[in-house]
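Chain by chain, the residues:
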Amino acid sequence: MKKTKLRYFTCLNVDPFSDISVLHFKHEFDHYKHPEEERHVRNFYKITLIAKGRGILFCNNREFPIGPGTLYLAHPDDLTSYRIQTEYLEIYDVLFKGNLLREYRTGAREALPVLQEGFQPKPDASHLLLLHVKKEIPGLIRLMYGEMKYNSPEHPQIEEEYLRLLLLYLEREWRNQNRIGNAEKFVRLVQDTIRSEFENGLDFQMLAEKAGVSPAHLGRVFRRASGMSISEALKRRRLQSAAELLHSSGEAVHVIAFRSGFHDPSTFFREFRKIYGMTPLDYRKKWEKMI
C-alpha cells in the first residue's frame with residue numbers, strides 16, 4: 001500500500017449504558033470517501049461479520065480482501081477503514097468493552113492474543129484474527145442482534161453469555177489456524193505470488209514446487225484457509241486491480257482489462273459484474289460522481 005498521511009477518528013460506543021452493542025447496517029458504495037487516508041480507532045473491541053458485498057479492509061499498514069462470510073476481530077487501537085467495491089457492504093458488528101474480558105482471560109485455556117491484557121496492535125496487522133466462517137458463527141451473531149432488538153430485562157446477561165460463546169468459537173478457530181503452521185506459510189506464499197504476479201499467468205506447478213508439496217495439496221490447503229480456490233483468488237486480485245484502475249486512470253476499459261491479466265474482454269465484463277454488481281463503465285461513473 002502506498003504511503004500516505006493518515007487522519008484518525010475515534011468511534012465511541014453507540015450505547016454508553018451497555019457493555020455490549022450489536023449493530024446491523026449497510027454501508028453504501030461511497031460511504032468512505034477517502035478510505036486510504038481516513039482511519040478509525042474506537043473505545044471498544046469489535047467483531048465484524050461481512051454478510052453481503054465485497055471490498056478491502058484497511059487495518060494499520062495492510063490491506064485484506066473481504067466478502068460474504070469474512071469475520072475479523074479488531075483491537076480498539078487498530079486503525080481501520082473500508083474501500084467498498086460493490087453497491088453496498090452489509091455488516092454485523094459486535095461491540096464490547098474491555099471490562100467484559102476479565103472473566104474471559106481467567107477462564108480461557110489460551111486467550112486470543114488481541115484480547116490479552118496490555119496487547120499492542122502490530123503495524124503489519126499480523127495479529128488480526130481474520131476468518132472465513134461457517135454458519136454457526138454467523139447464526140450466533142444474528143441471535144445476538146435479535147436479542148439486542150428484543151431488549152428484555154434479562155438482555156444484558158443473555159448477551160454476555162452469547163459473547164462468551166462467540167469468543168470460545170473464535171478461540172477454537174484461532175487454535176486450528178495455529179495447528180497448521182505450514183499451511184499458513186503455504187497460504188502466504190500463494191497470496192504473495194498472486195499479489196506480485198497477477199498480471200501474468202500463474203504457474204501452479206512451479207508454485208507447488210516452491211512450497212514443496214503437490215499442486216493438489218497446495219490447492220486444498222489454500223481453499224480450507226481462504227474459502228476459495230487459488231484460481232478464484234487470482235481472479236479476485238485481477239478484478240481488484242481493474243477496479244482500482246477504473247477510478248484512478250482514464251484508460252479504456254479493454255486496456256484496463258488487459259493490464260489486469262484478462263485477455264478476453266467478454267470474460268472480464270462478466271466476472272466484473274458478477275463480483276461488483278455493475279458493469280466496469282457504471283463503476284467508473286459512480287467514482288466520477290464522488291469526485
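Below: a short report on this structure. Numbering of residues starts from 1 in every chain and runs along the sequence as written. Residues qualify for local features only when their pLDDT is at least 70, as the model is predicted, and side-chain atom pairs are given and counted only at 80 or more; totals for whole chains, interfaces and linings, by contrast, use all residues. Hydrogens and waters are ignored; side-chain quantities use all the structure's heavy atoms.

### A word on helix α7 (residues 230-248)
In an α-helix, one turn spans 3.6 residues; hence positions three or four apart end up facing the same way. Stated formally: A run of H or I in DSSP counts as a helix once it spans at least four residues, and a run of E counts as a strand once it spans at least two, with each numbered from the N terminus. A helix is expected to reach a length of 1.5 Å times the quantity of its residues less one. Relative accessible area decides the class of each residue, using a 1.4 Å probe on protein chains only: under 20% of the type maximum gives buried, over 50% gives exposed, and in between gives partly exposed.
For α7, which comprises 19 residues, the first-to-last C-alpha distance of 27 Å matches the rise-based estimate of 27 Å (1.5 Å per residue) to within 8%. Across the 19 residues that make up α7, a large majority, 14, are buried.

### Looking at the environment of isoleucine 20
To keep things clear, this is the line we draw: In this analysis, two residues are considered to be in contact whenever any of their non-hydrogen atoms come within 4.5 Å of each other.
Its location among the elements puts isoleucine 20 in strand β2 (residues 20-28). For the pair isoleucine 20 and glutamate 160, spaced 140 residues apart in sequence, the C-alpha separation works out to 7.6 Å. Not counting chain neighbours up to four residues away, the residues in contact with isoleucine 20 comprise Leu95, Phe96, Leu100, Met144, Met148, Glu159, Glu160 and Leu163.

### Overview of the sheet that holds strand β4 (residues 45-52)
Heads up, the condition is: Any two strands are treated as partners once DSSP identifies two or more bridges connecting them. Axis definition: a line fit to C-alpha positions, over the contact stretch in the case of helices; interaxial angles, taken between N-to-C directions, run 0 to 180 degrees.
The strand order across the open sheet formed by five strands is β2-β9-β4-β7-β10, and the pairing between neighbours is antiparallel. Each edge of the open sheet carries a strand with a single partner, namely β2 and β10 (129-132). Across this sheet, the average inter-strand angle for adjacent strands is 20°, counted without regard to direction. Relative to strand β9 (residues 88-96), β2 runs antiparallel, the two being bridged by nine bridges. The residue of β9 that forms the bridge with isoleucine 20 is phenylalanine 96. Relative to β2, helix α2 (residues 136-150) is tilted by about 105°, and along the sheet it contacts β2, β4, β7 (70-74) and β9.

### Examining the pattern of salt bridges
We count it as follows: Should a side-chain nitrogen of Lys or Arg be within 4 Å of a carboxyl oxygen of Asp or Glu, the pair is scored as a salt bridge.
Enumeration according to the criterion identifies 13 salt bridges in this entry. Between lysine 235 and glutamate 232 there is a salt bridge, and its shortest N-O distance comes to 3.1 Å. Taken together, the positions of lysine 235 and glutamate 232, both in helix α7 and three residues apart, correspond to about one turn of that helix. Side by side, lysine 235 and glutamate 232 carry an identical accessibility label, which is buried. Taken together, the shared-partner salt bridges in this structure form one network comprising Glu232, Lys235, Arg236, Arg270, Glu271 and Lys274.

### Points about the side chain of arginine 238
Formally: Charge convention: Lys and Arg are scored as positive, Asp and Glu as negative, and His as well as the terminal groups of each chain are ignored. Counted as a polar contact is a pair of N or O atoms within 3.5 Å, where, for protein atoms, one must be capable of donating a hydrogen and the other of accepting one, and residues adjacent in sequence contribute only when both atoms are in side chains.
Relative to the helices and strands, arginine 238 is located in helix α7. Buried charge without a partner: arginine 238 forms no salt bridge, and the closest opposite charge is glutamate 197, 9.0 Å away. Polar side-chain contacts of arginine 238 include one of 2.7 Å to the backbone oxygen of phenylalanine 198. Not counting residues within four places of it along the chain, the set of residues in contact with arginine 238 comprises Phe198, Asn200, Gly201, Ser260, Gly261 and Phe262.

### Details of the packing of aromatic side chains
We count it as follows: Here the aromatic set is Phe, Tyr and Trp, taking the six-membered ring for Trp, and pairing holds for ring centres within 6.5 Å; pairs whose planes are under 30 degrees apart are stacked, those over 60 apart are edge-to-face, and all others are tilted.
Taken as a whole and judged by the stated rule, the model has eleven aromatic pairs. With a centroid separation of 5.3 Å and 85° between ring planes, the pair formed by phenylalanine 29 and tyrosine 283 is classed as edge-to-face. With phenylalanine 29 in the loop between β2 and β3 (38-42) and tyrosine 283 in helix α10 (residues 280-290), this residue pair connects regions lying 254 residues apart in the sequence. Across the pair, tyrosine 283 and phenylalanine 29 agree in class, each one buried. Summarising the aromatic geometry, the rings of phenylalanine 29 and tryptophan 287 are spaced 5.8 Å apart at their centres and angled 75° between planes, so their arrangement reads as edge-to-face. In this pair, phenylalanine 29 sits in the loop between β2 and β3 while tryptophan 287 sits in helix α10, placing the two residues 258 residues apart along the sequence. With respect to burial, phenylalanine 29 and tryptophan 287 carry one shared label: buried.

### Some points on unusual backbone geometry
Non-glycine residue asparagine 60 carries a positive phi angle of around 55°. Inspection of the secondary structure puts asparagine 60 in the loop between β5 (55-59) and β6 (62-66). With relative accessibility at 7%, the residue asparagine 60 sits in the buried group. One non-glycine residue with positive phi stands out, namely alanine 125, at about 55°. Take alanine 125: its relative accessible area is 2%, and that puts it in the buried class.

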